[in-house]
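Listed here are the chains, written in short residue letters.
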Amino acid sequence: MQSLKMLVRIALVVAASFARAGDPAPAAGDEIARGKYLVTTSGCHDCHTPLKMTPQGPAPDMERMLSGHPEQLEMPPAPQLPAGPWIVSVAGTNTAWSGPWGVSFTANLTPDKETGLGKWTVRTFTDTIRTGRHLGRGREILPPMPIPAYKNFNDQDLAAIFAYLQTIPAVKNKVPAPRAPIAATAGNTQGH
Amino acid sequence: MIRGGRNWFLKLALAGVCLPAVVRADELPRRLADTGLYVGGGTQVRPDVLPFSPQYPLWSDGAAKRRWIWLPPGTRIDASQPDAWDFPRGTRLWKEFAHGRALETRFIERADDGSWRFGSYVWNAEGTDALLAPATGLRDLPAPNAPGAHYTIPSVDDCRACHEGAPVPVLGFSALQLSPDRDPLAPHAEKVAGAVDLRVLAARGLLRNLSPELLAHPPRIAAADPAERAALGYLHGNCGNCHNDEGPLAVLDLTLAQRVARPSPVLSSIVGVQSQFVPPGAPRDAVRLAPGHLASSVIAARMSSRDPLQQMPPLGTSAVDTEALALVSRWIESFPNHSSN
């Protein structure tokens, strides 16, 4: 898992470099445009927009843009990999990932009020990225979300990303809760 | 009271005791001894540092705790908002955690600019000195008497995750938590000699703008019976810091915080209300609290789990609070009999 985290950090350090401290607050239009720029250059679509198969190969399903793992796609138990350097399995949609942390499903980032970020405030979003915890105070956000890189965004960039995400089409899609690692599932219901 | 505070100042000055140095805005002292908790270089608590004991304490895996507050001489807490006291600049609070011996002391301080700083100090094995922990915290320190024989120091981010979820980041020091009308059924409540409560603070003049009504009728959670009062109090002290209707998690429409100033929508936000989090294997329409049906109540399921993906609270504990779980479970199971239903 450490090696995966390292790869993610390296791959996305470029994204973090877009952060610019000390800039004056942008106008609303500028902020949304910058948010769109950051979202499209920082790899958000890679995992949060499901891939679909086309004659040309896998392509983002833009009708589900940034809506996370499709709730209709119920994933079977993840394959158990033998011990060795291969540690991750990924759904063809790129929205479900299995590894030593369990199974993670990418979140719905659209402004749907019930299943997405529609009720969130910019503080909720900023706290989430900064702390690496769901809603800024809940469970830890799981790989492959590159929190170690994104937490370095400055406040203005995080606000811009959030502002843009609030303008995209809302998609009602209830993403499933993450699953615990198989080994941990049996013994973790009564504490330790 | 202001006079009393100045008296302590004078006594200490006459005794040659060094007053705590002003902490720089950008860092905390490296040693706990330099935060102003103790007299001189020892571990005797300064006489102007006040012990307190909230009636609904936070569960921390059974750790024994001691808590103190210090207010700069001549300052007072503005209690005009009974659920969000405004602490003067320079306020300091400490909380010591022990499993057999002291392991950690957490420290928060209000800076001159009104912001709050958080830090944790790790005790040496001899109990003679405690040093500032890294901002990233320390995981799994050896602690033979703690659950699992290890102990984790939280990161500063985790400090903020809990403390900044409430209207005021000082938790456990409020009109309700310090009410002299203490709940005899509250789990893990400690009687601490010399601990200040609402009346003592008022008598010492350390509060201003406190409603006289709160002294005549100290705060008490409205409940159908004593067991419900204790259950609601436990949820207030352990969950309400984040789950309230004023902080950043208000977006969840889940309130477990009690309010003195107004009725709190706790029951209406949980009883029969669909849970946004659906535990694996649970029906998609699982509810937060199903009256009379413990197995269908997500609140109990999350309290009873220490799977990091499900457990509540999500941090600061690795062992289920069995006493509190039993209390809340009995409350849920008997809920239909309550007049407050």
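Given the structure is predicted, the values throughout are model-derived calculations rather than measurements.

*Asks:* What exactly am I supposed to notice about the domain arrangement of chain B here?
*Replies:* Frequently, the measure chosen for interface size is the accessible area that the parts lose on association. Residue and element names in this part refer to chain B. Assigned domains within chain B: domain 1 (2-216) and domain 2 (226-337). Taken together, the contact pairs 28 residues of domain 1 with 29 residues of domain 2. Grouping the amino acids of the side of domain 1 that touches domain 2 by side-chain chemistry returns 18 nonpolar, six polar and four charged.

*Asks:* Can you walk me through the pairing of strand β5 (residues 101-110) of chain B in this structure?
*Replies:* Residues and elements named next belong to chain B. Buried residues dominate β5, accounting for nine of its 10 residues. In this antiparallel pair of consecutive strands, strand β4 (residues 92-99) and β5, the connection spans one residue, and G100 shows a positive phi of 80°. Where β5 and strand β6 (residues 116-123) come together, seven bridges link them in antiparallel fashion. Residue pairing across strands places R106 opposite S120, the latter belonging to β6. Adjacent in sequence and paired antiparallel, β5 and β6 are bridged by five residues, among which G114 carries a positive phi angle near 90°.

*Asks:* Help me understand the interface of chain B and chain A, please; the structure alone is not making it clear to me.
*Replies:* Listed per partner, the contact involves 22 residues of chain B and 25 residues of chain A. Taken together, the residues of the side of chain B that touches chain A sort by class into 14 nonpolar, five polar and three charged.

*Asks:* Would you mind going over the confidence of the model for chain B with me for this structure?
*Replies:* Any segment with low pLDDT has predicted coordinates that should not be analysed in fine detail. Mean pLDDT for chain B: 90, with 91% of residues reaching 70 or above. Counting contacts from residues 1-25 of chain B, a segment whose pLDDT is below 50, to residues more than four positions away or on other chains yields 29 contacts.

*Asks:* What is the right way to look at the packing of helix α2 (residues 28-41) of chain A against helix α6 (residues 155-165) of chain A in this model?
*Replies:* Helix packing for two helices is described by the angle between their axes and how far apart those axes are. Residues and elements named next belong to chain A. Viewed as axis vectors pointing N to C, α2 and α6 meet at an angle of 95°, and their least axial separation amounts to 7 Å. Between α2 and α6, the angle falls in the class roughly perpendicular. Of the residues in α6, those in contact with E31, I32, R34, G35, K36, L38 and V39 of α2 are D157, A159, A160, I161, A163 and Y164. Across the contact of α2 with α6, the residue classes tally to eight nonpolar, one polar and four charged.

*Asks:* What should I look at first to understand the sheet that holds β5 of chain B in this one?
*Replies:* What links the strands of a sheet is backbone hydrogen bonding, and the strands pair in either a parallel or an antiparallel sense. Residues and elements named next belong to chain B. The six strands are arranged β1-β2-β4-β5-β6-β7 in an open sheet whose pairing can be described as antiparallel. Edge positions in the open sheet fall to β1 (50-52) and β7 (130-132), since each of these has one partner strand only. The sheet shows a mean angle of 25° between the axes of neighbouring strands, direction not considered. Two elements, strand β2 (residues 64-70) and β4, share seven bridges in a ladder whose sense is antiparallel. Looking at the pairing, R67 lines up with K95 of β4.

*Asks:* Sorry, what's going on with the packing of helix α4 (residues 122-131) of chain A against α6 of chain A here?
*Replies:* Residue and element names in this part refer to chain A. One can describe the packing of α4 onto α6 by two numbers: an axis separation of 9 Å at closest approach and a directional angle of 120°. Of the possible angle classes, the one that applies to α4 and α6 is oblique. Read as a crossing pair, α4 and α6 show a hand that is right-handed. Where α4 abuts α6, its residues V122, F125, T126 and I129 lie against D155, L158, A159 and F162. Each residue belonging to the contact of α4 with α6 can be placed in one class, and the counts come to six nonpolar, one polar and one charged.

*Asks:* What is the right way to read the sheet that holds strand β4 (residues 96-99) of chain A from this model?
*Replies:* Residues and elements named next belong to chain A. With antiparallel pairing, three strands are arranged side by side in an open sheet as β3-β4-β5. Strands with a single pairing partner mark the edges of an open sheet, and in this sheet they are β3 (89-90) and β5 (102-105). Pairing of β4 with β5, which is carried by four bridges, proceeds in the antiparallel orientation. Across the sheet, residue G99 finds its bridge partner in β5, namely G102.

Here is what the cut-offs are and how they apply
- Residues numbered from 1 in each chain as written.
- Chains lettered and ligands numbered in written order.
- Predicted model: local features only at pLDDT ≥ 70, side-chain atom pairs only at ≥ 80, totals over all residues.
- Domains from an automatic or database assignment.
- Contact = placed C-beta atoms within 7 Å.
- Nonpolar A, V, L, I, M, F, W, Y, C, P; charged D, E, K, R; others polar.
- Buried ≥ 20, exposed ≤ 12 C-beta atoms within 10 Å, placed from the backbone.
- Helix = DSSP H or I, 4+ residues; strand = E, 2+ residues; numbered from the N terminus.
- Pairing = 2+ DSSP bridges.
- pLDDT = per-residue confidence, 0-100.
- Axes fitted to C-alpha atoms, helices over the stretch in contact; angles between N-to-C directions.
- Parallel < 35°, antiparallel > 145°, perpendicular 65-115°, else oblique.
- Left-handed = near helix turned anticlockwise from the far one by under 90°.

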